[in-house]
Amino acid sequence: MSALEAIKYSRGKLEVLDQLRLPHEHHYDEVSTSEEAFDCIKAMRVRGAPAIAIVAALAASVELHNGSCTATSPEEVIKYIDSRLDYLYESRPTAVDLGNAVRLLKKTVRDVKTEGLTDAEAKGAIIKAFIEASEEILAKDLKTNKSIGAFGAKWLQEQYKITDNSKITVITHCNTGSLATSGHGTALGIIRTLRDEGLLRHAYCTETRPYNQGSRLTAFELVHEGIPATLITDSMAAALFRLRKAEDNIAAVIVGADRVVRNGDTANKIGTYQLAVLAKHHGIKFMVAAPTTSIDVDTESGDDIEIEQRKREELTQISGAVVNADGSIDTSKSVRVAIADQRIGVWNPGFDVTPHEYIDAIVTEKGTVVKGEDGKFHFEEVMPERFQ
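Residues numbered from 1 in each chain as written. Predicted model: local features only at pLDDT ≥ 70, side-chain atom pairs only at ≥ 80, totals over all residues. Heavy atoms only, no water.

With that settled, consider the packing of aromatic side chains. The geometry of an aromatic ring pair comes down to the distance between the two centres and the angle between the two planes. The tally for this structure, following the rule as stated, stands at three aromatic pairs. Ring plane angle 25° and centroid distance 4.7 Å describe the contact between Phe 38 and Tyr 87, whose orientation is recorded as stacked. One end of the pair, Phe 38, is in helix H1 (residues 34-42); the other, Tyr 87, is in helix H3 (residues 74-89), with 49 residues separating them in the sequence. On the basis of relative accessibility, which here comes to 19%, the residue Phe 38 falls in the buried class. Note on Phe 377 and Phe 379: the rings are 6.4 Å apart at their centroids and 15° apart in plane angle, and the pair reads as stacked. Looking at Phe 377, the relative accessible area reads 2%, which means it is buried. We classify Phe 379 as buried; its relative accessible area is 0%. Sitting over the ring of Tyr 211, Arg 310 keeps its end group 5.8 Å from the ring centre. (Phe/Tyr/Trp six-rings, centres within 6.5 Å; stacked < 30°, edge-to-face > 60°. Helix = DSSP H or I, 4+ residues; strand = E, 2+ residues; numbered from the N terminus. Buried < 20%, exposed > 50% of the residue type's maximum accessible area, 1.4 Å probe, protein only. Lys NZ or Arg CZ within 6 Å of the ring centre and 35° of its normal.)

Below is the structure:
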């Protein structure tokens with residue numbers, strides 16, 4: 001089957017797969033302005049920390065390519081670009097990749113040499129540098145994901161000495177595959193690599209309430225790629241570990257990350273923390289798959305991470321394609337239904353923070369990081385430039 005693409009891009013044109021319509025319908029939205037990108041990210045038509053950063057950067061590039069900037073002097077051009085990036089950042093402040101992309105692009109436009117150029121030439125040089133840097137974010141992400149997959153599979157092989165007779169089963173949460181990145185994925189990328197290397201027996205994916213990224217997206221990706229897999233509700237994980245660990249050789253929980261801070265505390269989709277606690281209790285490895293762009297060494301601990309509060313309707317209502325009387329799915333009809341009393345109070349954090357003591361390994365594109373003798377993660381080996 002053809003690879004799934006969450007993002008389609010050519011210079012001057014960006015299309016983003018509307019993931020709210022999956023798994024029943026493939027529809028790409030054309031995103032040509034920062035406002036459209038903001039809405040796409042906020043409404044979660046695109047999600048996943050890497051994909052969010054890519055869409056924001058490329059949307060700003062398309063906007064610039066198509067002449068949105070009317071400023072003339074280099075200083076005013078940079079001021080305009082800063083304002084667009086600051087606006088886009090507010091669409092998902094928890095996702096550190098977006099913040100890193102914003103900082104990178106701001107630095108890029110400031111590094112352009114404009115001495116001796118006319119204002120028009122300087123403006124052109126600044127915009128060209130911005131577009132090229134945005135396109136490099138897209139290109140680099142795929143290489144990063146494949147490297148994460150290789151390092152993650154290697155670490156698990158080292159832990160379990162996997163053979164044809166002892167293939168492992170893993171569980172994943174939310175969606176961290178091609179739909180959350182430029183391709184291959186982070187946590188799901190490790191699962192893909194395990195399958196490709198003949199090390200995977202089975203994969204379980206959680207439903208991932210309240211937005212059901214696991215059932216809508218991860219299950220779809222696993223089926224699309226022919227990976228042996230089973231869907232469970234979030235509340236079934238403890239029973240699964242207790243009843244099926246030995247039979248299925250459940251070896252690891254593998255999740256992605258929206259932000260990993262200096263000590264290894266990790267913010268990820270709500271429900272990640274409880275999986276980490278359960279994994280530790282049952283003697284199952286807990287792995288975080290995250291590119292170095294998701295590691296925030298300026299934040300000391302997870303207590304300092306801002307947690308986004310989502311809309312109450314995500315818990316009390318749900319949308320989906322119509323199921324006909326004969327069991328067939330009518331993708332031309334979508335309905336929204338209430339699944340709770342609409343008067344009930346709702347607490348709906350989009351993320352939780354898993355303390356580093358519950359995490360066994362953090363897999364990056366530059367290697368796998370484990371805790372030191374002090375019980376904390378140290379990222380100097382994989383990103384020394386951030387510690388100079």
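Right, let's get into the sheet that holds strand E2 (residues 13-17). Ordered in space as E1-E2-E3, the three strands form an open sheet in which the pairing is antiparallel. Single-partner strands in this sheet number two, and they are strand E1 (7-10) and strand E3 (28-30). If you compare each strand with its neighbour and ignore which way they point, the axes differ by 20° on average. Two strands pair when backbone bridges link them, and E1 and E2 are joined in this way by four bridges, in the antiparallel orientation. Pairing of Ile 7 across the sheet is with Val 16, part of E2. (Pairing = 2+ DSSP bridges. Axes fitted to C-alpha atoms, helices over the stretch in contact; angles between N-to-C directions.)

Turning next to the pattern of salt bridges. Under the definition given, this model contains 26 salt bridges. The salt bridge partner of Arg 92 is Glu 308, with a shortest N-O separation of 3.2 Å. Of this pair, Arg 92 sits in the loop between H3 and helix H4 (96-110) while Glu 308 sits in the loop between strand E11 (295-296) and helix H10 (313-316), and the two are 216 residues apart along the sequence. Judged by relative accessible area, which is 9%, Glu 308 ranks as buried. As a salt-bridge pair, Arg 259 and Asp 296 come within 3.0 Å of each other at their nearest N and O atoms. Here the residue Arg 259 occupies a position in strand E8 (residues 259-261), and Asp 296 occupies one in strand E11, the gap between them amounting to 37 residues. Residue Arg 259 shares its accessibility class with Asp 296, and that shared class is buried. (Salt bridge = Lys/Arg side-chain N within 4 Å of Asp/Glu carboxyl O.)

Another point: the sheet that holds strand E9 (residues 266-269). If you trace the four strands from one edge of the open sheet to the other, you get E11-E8-E9-E14, paired in mixed fashion. Each edge of the sheet is formed by a strand with only one pairing partner; in this case those strands are E11 and strand E14 (351-354). In the sheet, E9 pairs with E14 via four bridges, with the strands oriented antiparallel. Directly across from Lys 269, in E14, lies its bridge partner Phe 351.

Another aspect to go through is the pairing of strand E12 (residues 317-323). Here E12 pairs with strand E13 (residues 329-338) via seven bridges, running antiparallel. In the strand pairing of E13, Val 323 is matched with Ile 329. Linking E12 to E13, which pair antiparallel, is a turn of five residues; within it Gly 327 sits at a positive phi near 90°.

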